[in-house]
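Chain by chain, the residues run as shown.
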Amino acid sequence: MVYPAEGAILGVNTTKDRLTEMIGAALARARLSGRITGSSVARFIIELPKDPTHGDYATNVALVMARDEGKPAREVAAAIKNELAASDEFSEVNVGGPGFINFRMAPKFWHGQLRSAAEGAQAFFLPKLGSGKRVQVEFLSANPTGPLTVGHGRNAVLGDTIARLYEATGFEVTREYYFNNGGRQMKVLGASVRARYLEALGEKVEFPEDGYQGQYIRDIAADLVNRHGRALVAQTDLETFRAPAEQVIFADIHRTCERLRVHFDVYTNELDLIAQGKVADVMAELGRRDLLVERDGAVWLRGEPLGLPKDEVLIRSGPEREPTYRTPDIAYHIDKLKRGFDVIVGVFGADHIAEHKTVLAVLKALGHSTAAIKTVIYQFVTLTRGGQKVKMSTRKGEYITLDQLLDEVGADVARFFFLMRKSDSHLDFDLELATRQAPENPVFYVQYAHARLASVFREAQKAGVALPNDPAAIQLELLSEEEIELGKRIVRFPEVIVECVEEIEPHRLPFYLIELAGEFHRYYNKSTNRIIGTQIELSLARLFLAGLVKQALKHGLTLLGVDAPERM
RNA sequence: GCGCCAGUAGCUCAGCAGGACAGAGCAGCGGCCUUCUAAGCCGCGGGUCGUGGGUUCGAGUCCCGCCUGGCGCGCCA
């Protein structure tokens, strides 16, 4: 018997887990009594039926067993159903459709769930999944060659939110930024600054063919002119120009990250890895395993023994013997593994897939387990305004920077929008919708629900209605069916969080919050549902429920790094 | 040409481990504020799930082919 299914995290007692246990026990009894004969291992699931009339939970256990049992699924379902332990938690258990077993939970069950949610508070909303476990999340990792783009924004927010999800569920998280400061691109950066510097002093220079065109290069050059005058005119060492540029650009990146509510604990860079001999170690190890070949003056990684489509250059030809991008990246990943994290998450743009596969293949070839490494790939971002694409050309330095986006929409909207899509999907960022302060903008829709609830609590205080500390004192029996439905959605909150963490798919949370906010707005708008009324016991029960909705919204928004306003 | 990702309503996208009649938001039209915030709610339509096969009791979901779009296939990162 395999249950719970793979991926389930021990220690979290969701309703699904409890049902799984009960069904497992019923199966065992049915087997003892001979009503089920097959010995096969049944991999069944507990799901939430799309159609609520089917019940609160359903299982396909009979369907997956029917073949081995040699009996119609409905018959198997009936046999299992009969062995289910009697429980006053169910109001109804029946066999439906082709052989599903449907469970309808009794109101009493939901009352209990809601009470324990209130008692558990933090522990209920944010289950401790990773006690004692360490996670490293590498994200953004933009090289300091220019301002952050909108695409970087998606990376930063994805990585940060993944980190927040782990953190909130009890993992010890390291947020890490890796960058290259020794490669060719950085030389181009130095050359670009030098050219602008000389230009500013009236010297005749040719701008590097693939140099960085943006205004920020001129600003950095102008600063050098201010500080050093003509002293650097004869300086040909590009490092003189590259280093200050890196500093200035990084300061800029930090500022932008701060605006996005993103920070890092550790920065790792290429030059340090080289200086520490870690890159040389990788090369030596690869050499020992006969995975290198010299050709055209360069050192190549042999693709064939690793199952890769082609050889890759690791050390460039030429007197400087410079490593390519992937060489220090391999060293970096080995370094991550050696640091003993339980989970290592990398957030990379779609253009890095092939390179990352090479890195993983090398790690395996060197005898490392890559089981802990989880890769989140995200597709590119397109900006649209009223259905029209906003043109972006990185080469000419004509692009909307992340800063400009933040100027226009703010951190709340930017973060929410970046997270609203599955990372695998292209993201269409509609600036027109994003800047609208109206209900059709989902960010405000969710925030407004929270602000409304905050207002309700202010009104309750004015009216002298206060929730007792002990949830047992509240008469939840007074809640209507509609209110119980709202409560069921709150009970789902921790399940959504578990899914987000297990699948590393933060987009599920914004979707959940939009649904929860929607259900609350609809409830709130009915005149018969006034929370604060003349019947004190009913008011307390409703306020209790409202408090849980508010907490769910608050926890959810906080996990997304979005503000949960008390007033709007 | 090869590899990866995607193709679901007019638009942007969900669809949890294959499950019971395919969902949401936006856009369009029409309603609702002496009432805890109208940044809200209610009502009305609209889809051969790109396409052709296959596996299965059951396929938007898995497998294969084809079509379309994005990304990659540098001694760039």
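Residue positions within a chain follow its written sequence, with the count starting from 1. For naming, the first written chain is A and the first written ligand is 1, with later ones following in the order written. Local features in this predicted model are restricted to residues of pLDDT 70 or higher, and side-chain atom pairs are both shown and tallied only at a pLDDT of 80 or more, whereas totals for entire chains, interfaces and linings draw on every residue. Only hydrogens and water are set aside when side-chain values are computed; all heavy atoms of the structure are taken into account.

Visitor: Help me understand the overall build of chain A, please; the structure alone is not making it clear to me.
Guide: Every helix listed is a DSSP run of H or I at least four residues long, and every strand listed is a run of E at least two residues long, numbered separately from the N terminus. Looking only at helices and strands, one finds 19 helices and 15 strands in chain A. The buried share among the 568 residues of chain A stands at 52%. In chain A, the share of contacts with a sequence separation of at least 24, taken over all contacts with a separation of at least 6, comes to 72%. Residue-level accessible areas treat just the shown protein chains as cover; the underlying method is Shrake-Rupley with a 1.4 Å probe. Total accessible area computed for chain A in this model is approximately 26200 Å², and 50% of it derives from carbon and sulfur atoms. His is not counted here, nor are the chain ends, while Lys and Arg score as positive and Asp and Glu score as negative. Where a charge lies is defined by one atom per residue type, namely NZ (Lys), CZ (Arg), CG (Asp) and CD (Glu). Averaging the locations of the 70 positively and 76 negatively charged side chains of chain A gives two centres separated by 2 Å. Here the term buried applies to any residue with accessible area under 20% of the maximum for its type, exposed to any over 50%, and partly exposed to those in between, with areas from a 1.4 Å probe on protein chains only. Note on contacts: a residue pair qualifies if any of its non-hydrogen atoms lie within 4.5 Å across the two residues.

Visitor: Looking at this model, I keep getting lost on the domain arrangement of chain A. Mind explaining?
Guide: Interfaces are often described in size by the accessible area the parts lose on coming together. Residue ranges assigned to the domains are those given by an automatic or database domain assignment. Here chain A is described as being made up of domain 1 (15-105), domain 2 (134-178 + 263-378), domain 3 (184-259) and domain 4 (440-560). Once you take the C-alpha centre of each, domain 2 and domain 3 turn out to be 28 Å apart. The interface is formed by 13 residues belonging to domain 2 together with 16 residues belonging to domain 3. With both sides pooled, the region where domain 2 packs onto domain 3 buries about 1200 Å², and carbon together with sulfur makes up 70% of that total. As a working definition, buried area equals the accessible area (1.4 Å probe) given up by two parts on being put together, with both sides summed. In terms of surface lost to domain 3, no three residues of domain 2 exceed Pro 144, Thr 145 and Leu 148, which account for 48% of the buried area on that side. Salt-bridge contacts for Glu 320 lead to Lys 187; the nearest nitrogen and oxygen are separated by 3.5 Å. In protein, a polar contact requires one atom able to donate a hydrogen and another able to accept it; more generally it is a pair of N or O atoms within 3.5 Å, and residues adjacent in sequence count only if both atoms are side-chain atoms. Where domain 2 meets domain 3, there are 3 residue pairs in polar contact (both at pLDDT 80 or more). Tallied by class, the residues present in the side of domain 2 that touches domain 3 amount to 8 nonpolar, 2 polar and 3 charged. Counted as salt bridges are all cases of a side-chain nitrogen of Lys or Arg within 4 Å of a carboxyl oxygen of Asp or Glu. The classification used treats Ala, Val, Leu, Ile, Met, Phe, Trp, Tyr, Cys and Pro as nonpolar, Asp, Glu, Lys and Arg as charged, and all other residues, Gly among them, as polar.

Visitor: Explanation requested: the pattern of salt bridges in the structure shown.
Guide: Any two side chains of opposite charge can pair, on the condition that their charged atoms come close. Summed over the entire model, instances satisfying the criterion amount to 45 salt bridges. Across the salt bridge formed by Glu 477 and Arg 115, the nearest N and O atoms sit 3.8 Å from each other. Here Glu 477 is found in the loop between helix H16 (442-462) and helix H17 (481-503), whereas its partner Arg 115 is found in helix H4 (residues 107-120), with 362 residues between them in sequence. Judged by its relative accessible area of 53%, Glu 477 is exposed. The partner of Arg 492 in a salt bridge is Glu 495, and the shortest N-O contact between them spans 3.6 Å. Here Arg 492 and its partner Glu 495 are both found in helix H17, 3 residues apart, which amounts to about one turn of the helix.

Visitor: Help me understand the sheet that holds strand E14 (residues 388-389) in this model?
Guide: Read from one edge to the other, the open sheet built from 3 strands follows the order E14-E13-E15, with strand pairing classed as mixed. Here the strands that pair on one side only, and so sit at the sheet edges, are E14 and strand E15 (427-430). In terms of strand pairing, strand E13 (residues 381-385) meets E15 through 4 bridges, oriented parallel. When the sheet's bridge partners are listed, Leu 383 is paired in E15 with Phe 429. The angle between two axes is taken between their N-to-C directions and runs from 0 to 180 degrees, where each axis is a line fitted to C-alpha atoms and a helix contributes only its stretch in contact. Relative to E15, helix H14 (residues 402-419) is tilted by about 135°, and along the sheet it contacts E13 and E15. For two strands to count as paired, DSSP must find a minimum of two bridges between them.

Visitor: Could you clarify how one ought to interpret the sheet that holds strand E9 (residues 298-301) in this entry?
Guide: The strands making up a sheet associate through backbone hydrogen bonding, with each pair oriented either parallel or antiparallel. Ordered by their spatial adjacency, 3 strands build an open sheet running E8-E9-E10, and the pairing between neighbours is antiparallel. Looking at which strands have only one partner, the edges of the open sheet turn out to be strand E8 (292-295) and strand E10 (312-315). Adjacent strand axes in the sheet meet at a mean angle of 45° when their direction is disregarded.

Visitor: How should I be thinking about the environment of Leu 433 in this particular structure?
Guide: Locating Leu 433 in the fold gives a position in helix H15 (residues 431-435). It is 34 Å that separates the C-alpha atoms of Leu 433 and Tyr 178, two residues lying 255 residues apart in sequence. Beyond its immediate chain neighbours, meaning those up to four positions away, Leu 433 contacts Phe 417, Glu 440 and Asn 441.

Visitor: Any chance you could explain helix H7 (residues 184-200) here in plain terms?
Guide: Side chains that are three or four residues apart share a direction in an α-helix, a result of its 3.6 residues per turn. To estimate the expected span of a helix, subtract one from its residue number and multiply by 1.5 Å. For H7, spanning 17 residues, the distance from its first C-alpha to its last is 24 Å, which sits close to the expected 24 Å at 1.5 Å a residue. Here the buried face of H7 lies against helix H8 (215-228) and helix H9 (239-259). Directly beyond the C-terminal end of H7, a positive phi value near 80° is found at Gly 202.

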